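For reference, the chains in residue letters:
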Amino acid sequence: MSDDFEADEPVEEPPAFEPFYSSLDAWVTDWLLPNYSRPLRDVSQFRWDPQWWRYSEVVMRLEALWASWEKMRLEGGPGIVAFFRDYLDPMMRVILDPAGPFHTYDPNKTGPDGERDMPEPLPHSPLTVPDLFRLDWSNE
C-alpha cells in the first residue's frame, strides 16, 4: 500500500470573513444612500428620516440588510440580484412606507438635525395564561 499522503501536511483553512464595511453607519452612508433613491418630497409616498439611527426597528432592519449584502456581494451578479429582489426592495418598502417606522417624521415640520417625535411602541397586555407560548426544548 503506498503512502500518497503525509500526515503532517498542513490543512488550509478558508480565510476568515472580512466585511467590506466596518459598521452599519458606513454601509448606510457609503453604499445604501448613494445607491437607493426615492422621491421624498411627498410624505404620502415615502418617508426617510436622516436620523434613521434613532429608530430601533430601522436599525434592526438595516443591520439585517447589511449582513445580507456583505455575504451576497461575494457571490457576484446572481447574489446581488437576489439581494435586491429578496431582501433590499421588500425591506425598503417597509422602511420607507408612510405608515412604517418613520410615520411620525415629517420633513416639512422637522429639520434634519432637529428634535423628533419618536413613534410609540405597540401596546402590550400581560398574558393571562402563564407559559402559554413556552417552547418545549426537551425533545432535542
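Residues numbered from 1 in each chain as written. Predicted model: local features only at pLDDT ≥ 70, side-chain atom pairs only at ≥ 80, totals over all residues. Heavy atoms only, no water.

## Description of the packing of aromatic side chains
(1) Moving on: A full pass over the atoms with the stated rule returns twelve aromatic pairs.
(2) Moving on: Each residue in the set Phe20, Tyr21, Trp27, Trp31, Trp69, Phe83, Phe84 and Tyr87 is aromatic and connected to the rest through ring pairs, giving one cluster.
(3) Moving on: Between the NZ or CZ atom of Arg38 and the centre of the ring of Tyr36, over which it lies, the distance is 4.1 Å.
(4) Moving on: It is Lys71 that lies over the ring of Phe17; its NZ or CZ is 4.1 Å from the centre. (Phe/Tyr/Trp six-rings, centres within 6.5 Å; stacked < 30°, edge-to-face > 60°. Lys NZ or Arg CZ within 6 Å of the ring centre and 35° of its normal.)

## Some points on the confidence of the model for the protein chain
(1) Moving on: Mean pLDDT for the protein chain: 89, with 93% of residues reaching 70 or above.
(2) Moving on: Least confident of the elements in the protein chain is helix H3 (residues 77-96), whose mean pLDDT is 96; most confident is helix H1 (residues 24-35), at 98. (pLDDT = per-residue confidence, 0-100. Helix = DSSP H or I, 4+ residues; strand = E, 2+ residues; numbered from the N terminus.)

## A closer look at H3
(1) Moving on: Its axis deflected by about 40 degrees at Phe84, H3 carries its strongest bend there.
(2) Moving on: Where H3 is concerned, the buried positions are Gly79, Ala82, Phe83, Leu88, Met92, Ile95 and Leu96.
(3) Moving on: Those residues of H3 that are buried are in contact with H1 and helix H2 (56-72). (Bend = angle between axes of the 7 residues up to and from the residue. Buried < 20%, exposed > 50% of the residue type's maximum accessible area, 1.4 Å probe, protein only. Contact = heavy atoms within 4.5 Å.)

## Some points on the packing of H2 against H3
(1) Moving on: Two elements in contact, H2 and H3, have axes whose closest approach is 10 Å; the angle formed by their N-to-C orientations is 175 degrees. Here H2 is positioned roughly antiparallel relative to H3, judged by the angle of their axes. Of the residues in H3, those touching H2 at Glu57, Val58, Arg61, Leu62, Leu65, Ser68, Trp69 and Met72 are Gly79, Ile80, Ala82, Phe83, Tyr87, Leu88, Met91, Met92, Val94 and Ile95.
(2) Moving on: Here the contact of H2 with H3 is composed, by residue class, of 14 nonpolar, two polar and two charged. (Axes fitted to C-alpha atoms, helices over the stretch in contact; angles between N-to-C directions. Parallel < 35°, antiparallel > 145°, perpendicular 65-115°, else oblique. Nonpolar A, V, L, I, M, F, W, Y, C, P; charged D, E, K, R; others polar.)

## Observations regarding the nonpolar core
(1) Moving on: Counting 26 residues, the largest nonpolar core has Trp27, Leu32, Trp52, Leu62 and Met92 as its most contacted members.
(2) Moving on: Elements that contribute at least two residues to this core include exactly H1, H2 and H3.
(3) Moving on: A total of seven residues in this core trace back to one element, the largest contributor, which is H2. (Core = buried A, V, L, I, M, F, W, Y, C linked by side-chain atoms within 4.5 Å.)

## Re the environment of Asn108
(1) Moving on: In this fold, Asn108 is placed in the segment after H3.
(2) Moving on: For the pair formed by Asn108 and Arg41, sequence separation is 67 residues and the distance between their alpha carbons is 8.5 Å.
(3) Moving on: In contact with Asn108, not counting residues within four places along its chain, are Arg41 and Val43.

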